[in-house]
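The lines below spell out each chain.
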Amino acid sequence: MRSLLLALAGVSACSSFAITANAADIHKKIIAELDPIAPSSAAYDEQFEAGVDTSSKWGAKVDFNIAGILSTGPEFWTGNFVVRGDGNAETLRREDMFPGERHKLDGTRLRWNFTRWGEQSSMRDWYVTAAYSYLRINSRANRFDEQIAGGEGDAIAANFFTGTPDDETDLVTDIRHGVALAFGNRWLIWNQNLSLTVGASITGTFKRTVGVESRDPNARTDYDRIIEDLADTRMTVRPIPEGNIGLGYAW
């Protein structure tokens with residue numbers, strides 16, 4: 001009888017441990033997160049980054065659990081910038097001379113992620129991600145063009161300040177395909193319903209197509225300089241590491 005009681009006690013203890021362990025690793029099917037830093041970094045750009053008049057940024061991602069093995073899902077980021085011209089630059093843009101004109105940039109990046117997690121069923125703990133990345137940047141700027149102004153090279157026409165400003169709008173479309181790698185850690189808090197993810201990623205471009213609609217030979221050079229000078233490195237062509245933070249909800 002005593003042996004039977006001990007056996008029952010052992011089974012009960014094992015069952016209790018199994019229930020506790022299982023509760024600590026609740027299966028999650030979907031986790032959706034927003035980037036809480038992006039809007040505040042846009043406000044920082046407007047206040048402290050030279051040449052940036054207005055800026056807006058948003059980011060989000062969704063992870064779908066696949067049979068407790070890995071997760072997959074989309075990641076979205078968008079950024080819009082209105083940039084002042086630099087009056088001291090060697091290559092003058094139309095907005096350098098007239099305050100009503102600006103250089104406008106908007107970028108949209110889409111990634112499709114495949115992620116391996118430390119705790120696979122709940123999509124938490126450490127993670128490693130591989131992703132396909134698609135980035136499209138639209139650039140619009142009114143440039144001072146020597147063919148329109150009537151000067152030689154980049155020379156400014158004599159009646160530039162007194163006459164009606166003539167210009168044309170440059171359109172630059174930059175499309176990039178690449179691969180991204182990321183790593184970091186995710187915590188599930190508040191009854192494992194809220195998620196906090198902190199990590200880093202880097203993107204490499206394997207195909208880039210740039211379309212330019214402008215008569216100004218300096219349009220492409222000017223665009224390349226602008227994207228390299230922006231404080232947000234997501235638009236740069238160089239593979240620069242970036243920090244990633246996500247705050248969201250788990251189902």
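Criteria and thresholds
Residues numbered from 1 in each chain as written. Predicted model: local features only at pLDDT ≥ 70, side-chain atom pairs only at ≥ 80, totals over all residues. Heavy atoms only, no water. Helix = DSSP H or I, 4+ residues; strand = E, 2+ residues; numbered from the N terminus. Buried < 20%, exposed > 50% of the residue type's maximum accessible area, 1.4 Å probe, protein only. Contact = heavy atoms within 4.5 Å. Areas by Shrake-Rupley, 256 points an atom, 1.4 Å probe, with all protein chains shown as cover. Pairing = 2+ DSSP bridges. Arc of directions from axis to C-beta.

A.B. asks: Report on the overall build of the protein, specifying residues and quantitative values.
C.D. replies: Helix and strand counts for the protein come out as five helices and eight strands. Each helix and strand of the protein, ordered N terminal to C terminal, gives the series α-β-α-β-β-α-β-β-α-β-β-α-β. Every one of the 251 residues in the protein was classed for burial, and the buried ones make up 39%. Pairs at least 24 apart in sequence give 72% of the contacts found in the protein among residues at least 6 apart. As displayed, the protein has an accessible area near 13600 Å², and 62% of this comes from carbon and sulfur atoms.

A.B. asks: With reference to specific residues and values, describe the environment of Ile227.
C.D. replies: With respect to the helices, strands and loops of the structure, Ile227 is situated in helix H5 (residues 219-229). When near neighbours in sequence (up to four residues on either side) are disregarded, Ile227 contacts Arg176, Arg208, Met235, Thr236 and Val237.

A.B. asks: Run through the pairing of strand S3 (residues 70-83), naming residues and quoting values.
C.D. replies: Looking along a regular strand, one sees side chains alternate from face to face of the sheet. Of all 14 residues in S3, ten are buried, a share of seventy percent or more. Note that strand S2 (residues 52-66) and S3 share twelve bridges and pair antiparallel. Among the inter-strand pairings, Ile66 is bridged to a residue of S3, identified as Leu70. Connecting S2 to the next strand, S3, in antiparallel fashion are three residues, including Ala67 with a positive phi near 55°. Relative to strand S4 (residues 103-119), S3 is paired through 13 bridges, and the arrangement is antiparallel. Bridge pairing in S4 links Trp77 to Arg109.

A.B. asks: Account for H5, naming residues and giving values.
C.D. replies: Three or more residues of H5 are buried, namely Ala219, Asp222, Tyr223, Ile226 and Ile227. Take H5 and look down its axis: the buried residues cluster within an arc of 130°, on one side only. For H5, the exposed residues set more than 90 degrees away from the buried face come down to Thr221 and Asp229.

A.B. asks: Mind laying out helix H2 (residues 38-48), listing which residues take part and the relevant values?
C.D. replies: For H2, the set of buried residues is Ala38, Ala42 and Asp45. Within H2, the buried residues cover an arc of 55° as seen down the axis, which keeps them to one side. Facing away from the buried side of H2 by over 90 degrees, the exposed positions are Gln47 and Phe48. The inward-facing, buried residues of H2 abut S2 and S3.

A.B. asks: Tell me about unusual backbone geometry, residues and numbers included.
C.D. replies: A positive phi angle is found at Trp190, which is not glycine, with a value near 55°. Here Trp190 is to be found in the loop between strand S6 (168-189) and strand S7 (194-213). Owing to a relative accessible area of 60%, Trp190 belongs among the exposed residues under this scheme. Positive phi outside glycine occurs at Gln192, with the angle close to 60°. You can see Gln192 is positioned in the loop between S6 and S7.

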